[in-house]
Amino acid sequence: MKLNHINLYSHDTEADRAMLEQYFGLHTLVVRGSKMAIMQDNDGLVLIINHFENKLDGFDYPTQFDILHIGFIQKSREDVDTLYKRLSTDGWEVHAPRNAHGAWSFYFRAKGGYFIEVTTLTPVHAEEAYQEN
């Protein structure tokens, strides 16, 4: 299992994006206005910084909306389903897997209050790729 991405709330995504590029060498993959930037390090970890005031149109987080989450990528839909069954059997309250943002995924709340996403690889479409200027 590999830690796939980290999603952090930011009061100023544009300033944070510039700082992360300048001082930490992250590369910007996608920018969605002033609401979100998707970045990646040289080892493939994706860092998402966002300023969502409400749910992003077309993207449903769990009903107890909480934007702070970490994600673990799985190789296949079957792997996602297997982990869902294990967590459910062990008594964790998990949302059933579903298609979300181009991947097969589910969420559950960690004891610390943030969400964990278990997902297949989320595709980034060519039209979303960040183009500076």
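Relevant structure appears above.
Criteria and cut-off values
- Residues numbered from 1 in each chain as written.
- Predicted model: local features only at pLDDT ≥ 70, side-chain atom pairs only at ≥ 80, totals over all residues.
- Heavy atoms only, no water.
- Pairing = 2+ DSSP bridges.
- Helix = DSSP H or I, 4+ residues; strand = E, 2+ residues; numbered from the N terminus.
- Axes fitted to C-alpha atoms, helices over the stretch in contact; angles between N-to-C directions.
- Salt bridge = Lys/Arg side-chain N within 4 Å of Asp/Glu carboxyl O.
- Buried < 20%, exposed > 50% of the residue type's maximum accessible area, 1.4 Å probe, protein only.
- Core = buried A, V, L, I, M, F, W, Y, C linked by side-chain atoms within 4.5 Å.
- Contact = heavy atoms within 4.5 Å.

J.: Help me understand the sheet that holds strand 1 (residues 2-9) in this model?
T.: With mixed pairing, the eight strands of this open sheet are ordered in space as 2-3-4-1-5-8-7-6. Bordering the open sheet on either side are strand 2 (27-32) and strand 6 (98-100), each of which pairs with just one other strand. Adjacent strand axes in the sheet meet at a mean angle of 30° when their direction is disregarded. Note that strand 5 (residues 69-73) and strand 8 (residues 115-119) share five bridges and pair parallel.

J.: So what exactly am I meant to see when it comes to the pattern of salt bridges here?
T.: Any two side chains of opposite charge can pair, given that their charged atoms come close. Under the defined criterion, the tally for this structure stands at one salt bridge. A salt bridge links E21 to R17; its shortest N-O distance comes to 3.4 Å. Separated by four residues within a single helix, E21 and R17 lie in helix 1 (residues 13-24), roughly one turn from each other. On the basis of relative accessibility, which here comes to 29%, the residue E21 falls in the partly exposed class.

J.: What is the right way to look at the nonpolar core in this model?
T.: Grouped burial of nonpolar side chains is what soluble globular proteins tend to show. With ten residues, the main nonpolar core is built from V80, L83, L87, V94, W104, F106, F108, A110, I116 and V118. Not counting the four nearest positions on each side in its chain, L83 is found in contact with M1, Q74, F106 and V118.

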